[in-house]
Amino acid sequence: MQTKLISDQEVQQYRAETKGTKERIHFNNAGSSLPPDVVVDTVISYLKEEAIYGGYETEAKYSQQLNNTHSLIARLINTDEGEIALVENASSAWGIAFNGIDFKPGDGVIISEMEYVTNLIGYLNAEKTHGIKTKIVYNDEHGNFDLQGLKNAITAKTKLIAVTHIASTTGGMIPVVEIGKIARKYNILYLVDACQSVGQVPVDVKEIDCDMLSVTGRKYLRAPRGTGFLYVRKQILDKIKLSFIDGFAVKSVSLDEFKLKDDARRFELYEKNRAITLGLSKAVEYALNIGIDRIWQRIQQLATLMRRQLNHIDGITVHDIGDQQCGIVTFSVSGFEAPAIKAKLAEKQINVSVGQAHSTLIFMNKHHLTSVVRASVHYYNTEEEILLLCNELGLLLKTVIA
Ligand SMILES: Cc1ncc(COP(=O)(O)O)c(C=O)c1O
């Protein structure tokens, strides 16, 4: 079935429903997107109700909507609500999953060159604490993940394949579905960092066939900061050890023993920020109403336009490589450090960010990059905004040549 394009009229509607779009040109969606007004209003009015009626009383009033958050997320990534745990961010989600694995000395972990800094630290730490051995599968010369290299790297000791679907500092993507087929064939645990992809790209955990997937709320999902979730496949719930358990995580407790909840809520703690949980719920609903396929289609169109325009400017080098690229556009501007470009554009009410080497260290070192300018588009951005960004960059470059 063909995806119906997001029309100009709809873009205008989404912009009208997002206050921030009137103030700035926001190309820092990979940092944190502008939330729709309904998300912000939900959080604020929930907090106000808590202040007047009491936290527990307000929770009771909204219990159905709060509980519905798991189901909405489950719909988003095509799974059951019992496989979702709400956590504060993608790093917590990833940490619960990775550190829950029962590693033995000599166990192998295969990773890609696109790994996020938190994950890299996790591997280095587990090398020290558990004696795991990490192998990196590098992308080929075109920037594509080397599937044959992955097959070659697998041994009888390989316990986990862990990849980052979309890295923090490059527009290329990892073929998570194809990797999932290999992981399943060799019966190896499979963990996907989908922090930058959920909300941007259709992510279907059944299709990817992963065991665990970590996600944040504030980026492409347009949810409040401090939200995130972890997906854990039902069949491996009991394989993931918990290092800290509170009363919410158990279904029963006596003086002699406790029994964990049967579903992924065992990875949650009782106390969480209900206001932003409801905000996350609204953000997921908002994305589902538009349709992730349509969001992805528009993001690709905008990112292609941005790369094309940037490539036409003398003095700009676009760094994104690989056959499949996403809404994260990274580049360098001759004569300027990335932080200077960010600061100059901020003077013109244009938000971009700086991708630091340490965020995606293996990739950045391989490409001899210390930092890049990162302009990340979302569906509510417009062609005009892209042309304005490119125009400003062109003017900045003229100041160097003059
Ligand atoms: C690819 C990737 N993974 C994980 C994270 C960590 O997400 P969080 O800050 O929500 O813990 C980030 C954050 O930028 C990221 O880009």
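Structure first, text after, so check above.
First, a word on scope: everything that follows refers to the structure included in this document.

Definitions and cut-offs
- Residues numbered from 1 in each chain as written.
- Predicted model: local features only at pLDDT ≥ 70, side-chain atom pairs only at ≥ 80, totals over all residues.
- Heavy atoms only, no water.
- Pairing = 2+ DSSP bridges.
- Helix = DSSP H or I, 4+ residues; strand = E, 2+ residues; numbered from the N terminus.
- Axes fitted to C-alpha atoms, helices over the stretch in contact; angles between N-to-C directions.
- Contact = heavy atoms within 4.5 Å.
- Parallel < 35°, antiparallel > 145°, perpendicular 65-115°, else oblique.
- Left-handed = near helix turned anticlockwise from the far one by under 90°.
- Nonpolar A, V, L, I, M, F, W, Y, C, P; charged D, E, K, R; others polar.
- Near = heavy atom within 4 Å.
- Areas by Shrake-Rupley, 256 points an atom, 1.4 Å probe, with all protein chains shown as cover.
- 1 Å grid on protein atoms, 1.4 Å probe; cavity = no way out; pocket = protein on both sides within 12 Å on 5 of 7 lines; lining within 4 Å.
- Sits in = over half its atoms within 2 Å of the grid points.
- Phe/Tyr/Trp six-rings, centres within 6.5 Å; stacked < 30°, edge-to-face > 60°.
- Buried < 20%, exposed > 50% of the residue type's maximum accessible area, 1.4 Å probe, protein only.
- Lys NZ or Arg CZ within 6 Å of the ring centre and 35° of its normal.
- Points joined across faces, edges and corners; volume = space filled by probe spheres on them.

### A look at the sheet that holds strand S5 (residues 158–164)
Logical step 1: A sheet is described by the order of its strands in space; here seven strands give the open sequence S2-S8-S7-S6-S5-S3-S4, paired in mixed fashion. This sheet does not close on itself; its edge strands, each paired only once, are strand S2 (84–87) and strand S4 (133–137). For this sheet the average axis-to-axis angle between neighbouring strands, irrespective of direction, equals 20°.
Logical step 2: With five bridges joining them, strand S7 (residues 212–216) and strand S8 (residues 228–232) adopt antiparallel strand pairing. Bridging across to S8, Leu213 finds its partner in Tyr231.

### Quick look at the sheet that holds strand S15 (residues 371–376)
Logical step 1: As summarised here, the arrangement of the four strands in space is S11-S12-S15-S14, forming an open sheet in which the pairing is antiparallel. With one partner strand each, in any of the chains shown, strand S11 (316–318) and strand S14 (353–356) form the two edges of the open sheet. Sheet twist, expressed as the mean angle between neighbouring strand axes with direction ignored, is 40°.
Logical step 2: Examined bridge by bridge, strand S12 (residues 328–333) and S15 share four bridges and lie antiparallel to one another.

### Some details on the environment of Ala264
Logical step 1: Tracing the backbone shows Ala264 in the loop between strand S10 (258–260) and helix H11 (274–290).
Logical step 2: Each C-alpha atom, one on Ala264 and one on Glu83, is 5.0 Å from the other, the two residues being 181 residues apart in sequence.
Logical step 3: Contact partners of Ala264, with chain neighbours within four places excluded, come to Gly82, Glu83, Ile84, Ala85 and Leu237.

### Things to note about the packing of helix H3 (residues 37–53) against H11
Logical step 1: Close contact between H3 and H11 brings their axes to 8 Å; oriented N to C, the two are set at 155°. As judged from the angle between their axes, H3 and H11 are roughly antiparallel. As for how H3 packs across H11, the hand of that crossing is right-handed. On H11, the residues that touch Val38, Val39, Thr42, Val43, Tyr46, Leu47 and Glu50 of H3 are Arg274, Ala275, Ile276, Leu278, Gly279, Lys282, Ala283 and Tyr286.
Logical step 2: A class-by-class count of the residues in the contact of H3 with H11 yields 10 nonpolar, two polar and three charged.

### Here we look at the site of the ligand
Logical step 1: Lining the immediate surroundings of the ligand are 13 residues, of which Ser91, Asp193, Thr216, Arg218 and Lys219 lie closest.
Logical step 2: Summarising the interface, the protein chains cover 91% of the accessible area of the ligand, which totals 400 Å² for the free molecule.
Logical step 3: When atoms are counted within 2 Å of each cavity's grid points, the one that captures over half of the ligand is the second largest pocket.

### Some thoughts on the packing of aromatic side chains
Logical step 1: Applying the stated rule across the entire model yields nine aromatic pairs.
Logical step 2: Their ring planes at 50° and their centres at 5.2 Å tell us that Phe98 and Phe103 sit as a pair that is tilted. For the pair Phe98 and Phe103, a shared accessibility class is recorded, and that class is buried.
Logical step 3: Chaining the aromatic ring pairs together yields one cluster made of Tyr14, Tyr286, Tyr379 and Tyr380.
Logical step 4: Between the NZ or CZ atom of Lys261 and the centre of the ring of Phe248, over which it lies, the distance is 3.6 Å.
Logical step 5: Positioned above the aromatic ring of Phe248 is the side chain of Lys272, whose terminal nitrogen or guanidinium carbon lies 4.6 Å from the ring centre.

### A short note on the side chain of His378
Logical step 1: Relative to the helices and strands, His378 resides in the loop between S15 and helix H15 (383–401).
Logical step 2: Beyond its immediate chain neighbours, meaning those up to four positions away, His378 contacts Asn29, Ser33, Gly199, Tyr220, Arg222, Ile295, Ile299 and Leu302.

### Things to note about the layout of surface pockets
Unfilled space is identified by rolling a water-sized probe across the atoms.
Logical step 1: The space that makes up the largest pocket amounts to roughly 540 Å³.
Logical step 2: The wall of the largest pocket is formed by 25 residues, among which Val87, Glu88, Ile96, Phe267 and Leu269 lie closest to the centre.
Logical step 3: Considering every element that reaches the lining of the largest pocket, the biggest residue donor is helix H6 (residues 90–99), with four residues.
Logical step 4: Looking at the lining of the largest pocket, its residues break down into nine nonpolar, 10 polar and six charged.
Logical step 5: By volume, the second largest pocket amounts to about 370 Å³.
Logical step 6: In this structure, the second largest pocket is lined by 26 residues; those nearest its centre are Tyr116, Ser168, Gln196, Arg218 and Lys219.
Logical step 7: For the lining of the second largest pocket, the secondary-structure elements that each account for two or more residues are H6, helix H7 (117–130) and S14.
Logical step 8: Tallied by class, the residues present in the lining of the second largest pocket amount to eight nonpolar, 13 polar and five charged.

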